Amino acid sequence: MVHVHDSEGREWLAEKIGRTSGILSPTDKPDALLAPHDIIRFSCTDVAGGLVRETTLTVGTLENLSEEELLDVLSQARTV
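For clarity, every value in this text was computed on a predicted model and none was experimentally measured. (Residues numbered from 1 in each chain as written. Predicted model: local features only at pLDDT ≥ 70, side-chain atom pairs only at ≥ 80, totals over all residues. Heavy atoms only, no water.)

**Student:** Residue-level account of the pattern of salt bridges, with values.
**Tutor:** Counted by the stated rule, this structure contains five salt bridges. Here arginine 19 and aspartate 38 are joined by a salt bridge, their closest N and O atoms 2.9 Å apart. Of this pair, arginine 19 sits in strand 2 (residues 11-19) while aspartate 38 sits in strand 3 (residues 37-44), and the two are 19 residues apart along the sequence. Judged by its relative accessible area of 3%, aspartate 38 is buried. With a closest N to O distance of 2.5 Å, arginine 41 and glutamate 54 form a salt bridge. One end of the pair, arginine 41, is in strand 3; the other, glutamate 54, is in strand 4 (residues 52-58), with 13 residues separating them in the sequence. Using a relative accessible area of 30% as the deciding quantity, one classes arginine 41 as partly exposed. On the basis of relative accessible area, glutamate 54 is assigned to the buried category, the value being 10%. Counted as one network, the salt bridges with shared partners bring together Asp6, Glu8 and Arg10. (Salt bridge = Lys/Arg side-chain N within 4 Å of Asp/Glu carboxyl O. Helix = DSSP H or I, 4+ residues; strand = E, 2+ residues; numbered from the N terminus. Buried < 20%, exposed > 50% of the residue type's maximum accessible area, 1.4 Å probe, protein only.)

In structure tokens form, the structure reads like this:
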């Protein structure tokens, strides 16, 4: 788990909640997309009822990202 603060001062908890199988249709997909990926959930701890976003990252990447990189990933994550 990793904590990060966005530009509005909200605190987000980023955690790995699972892993994809890596099984996708190979049509027009680069090999890198066919590998398993970690499923990352961002949960806002400052909002009642919570804001939640999810995305996928290459396996093992979450722990190695800087705060700036995490904020970039958060900004691109889909709202759940």
